[in-house]
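Observations on the model geometry
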Amino acid sequence: MLAAIDIHKAVFQTAVLNRADGEIAEDRFQASREALRAWIEKWDGTLEVVAIEATTGWRWVARELQEHGIEVRLTDPGQASALQGKRKRPKNDRLDARWLVMLLARELLPGAWLAPEDIQRLRDKTRLRKALTDDHTRWAQRLHSLLVHEGWPCSRGSLLTASGRRWVAALRLHPGARAQINAMLTVMAALAHELDTIDCELRRLAKRDERLRALQQIYGIGPILACTILAELGDAKRFRRARQVIRAAGLDPVVRDSAEKTRRGHLAKQGAPCLRWALVEAAQHACRPNSPDHELYRRQRGHAGANPATLSVARKIGKRALHVLRTLDQQAA
């Protein structure tokens, strides 16, 4: 039996295909573990493969199915929908589930990588860190903007240090502005504390994991960036060519090709934002003379500018990271 589940926050719509006679059985039930287990038990171990879309809430569904010995096929919802063509068609949960199971039966289901548990947990942690860092930066920018409006422009990198707090405390400010600044500093201190905790966990992991130690041998990649790159790349065997890493990071340019004319535009940015950020951060060090990519950076900067030069180095580092992970896999085999 082949099956598909159309996942929603409140309800699940399922379609089960009997390959013997081509009949499709449908069910609709509450989105809960108990209801999902009851549906699995209903088929009494006959379910072989279940297709689900990579939408919000898919992870616990996949784990539940795998615990019952059922193979899970994860698919990209956008690609699965695109296979229906541009013609206007009716759309509802029932039709979506039937479409997924038919794609699965015809072996046309667009696959998405199903990350193992350890990689998924690492990915959660590195993405949380990136979100907290972005929030900290936004609050810092807002704080500096308020200080400028109050006539106290600040060139300090951080106001959370002891000297920074003394500088803020010495300012003559309106009580309303003082209250806002204190609130911002409190929020930033809380974010900084959580970031320190996550950074310590990632640094400890980077010392133990062989893959992370190998990634840190690449110039510009430290323990935090190594954790982020491994979390986003995962299994190196899922990439057939190094070029696919560039596409996965969204670092490939948009190409418009018609007849004999080819035009390259801005970055596609259709990949993982955290992977793109990590590769670009590592590439920032290429401006140093001792960087192995300094000559590439200098040459690209000469005719294109600093940003395109950094992106060129980031693409090279991405390919290098994949090569390092592949080498470890070959040695382990």
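In this report, the structure presented in the accompanying data block is examined. (Residues numbered from 1 in each chain as written. Predicted model: local features only at pLDDT ≥ 70, side-chain atom pairs only at ≥ 80, totals over all residues. Heavy atoms only, no water.)

A tally of helices and strands in the protein chain yields 13 helices and seven strands. Computed over its C-alpha atoms, the radius of gyration of the protein chain comes to 25 Å, more than 25% above the 20 Å expected for a compact globule of 333 residues. Each principal axis of the C-alpha atoms in the protein chain carries an extent, and together these give about 80 × 55 × 45 Å. Per-residue burial over the protein chain gives 42% buried out of 333 residues. In the protein chain, the 57 positive side-chain charges and the 38 negative ones have mean positions that sit 10 Å from each other. (Helix = DSSP H or I, 4+ residues; strand = E, 2+ residues; numbered from the N terminus. Rg over C-alpha atoms; globule rule 2.2 N^0.38 Å. Buried < 20%, exposed > 50% of the residue type's maximum accessible area, 1.4 Å probe, protein only. Lys, Arg positive; Asp, Glu negative; His and termini not counted. Charge placed at Lys NZ, Arg CZ, Asp CG, Glu CD.)

A few words now on unusual backbone geometry. Phi at Asp44 is positive, roughly 50 degrees, even though this residue is not glycine. On the secondary structure map, Asp44 appears in the loop between α1 (33–42) and β4 (49–53). Of note, Glu107 is a non-glycine position whose phi angle comes to about 60 degrees, a positive value. The residue Glu107 is located in the loop between α4 (93–105) and α5 (117–149) in this model. Assessed through its relative accessible area of 73%, Glu107 is described here as exposed.

Applying the stated criterion to the full structure yields three aromatic pairs. An angle of 80 degrees between the planes, with centres 5.9 Å apart, marks the rings of Phe12 and Phe29 as edge-to-face. One end of the pair, Phe12, is in strand β2 (residues 11–17); the other, Phe29, is in strand β3 (residues 24–30), with 17 residues separating them in the sequence. The same class applies to Phe12 and to Phe29, which are both buried. Here the aromatic residues Phe12, Phe29, Trp39 and Trp60 are joined through ring pairs into a cluster of three or more. (Phe/Tyr/Trp six-rings, centres within 6.5 Å; stacked < 30°, edge-to-face > 60°.)

Attention now moves to the pattern of salt bridges. Summed over all chains, the structure comprises 21 salt bridges. Close ionic contact of Asp93 with Arg28 constitutes a salt bridge, the shortest N to O distance being 3.3 Å. On the criterion of sequence distance, the pair formed by Asp93 in helix α4 and Arg28 in strand β3 is long-range, its members being 65 residues apart. The shortest N-O distance in the salt bridge between Glu232 and Arg127 comes to 2.9 Å. Here Glu232, found in helix α9 (residues 223–233), pairs with Arg127, found in helix α5; they are 105 residues apart in sequence, far enough to count as distant. (Salt bridge = Lys/Arg side-chain N within 4 Å of Asp/Glu carboxyl O.)

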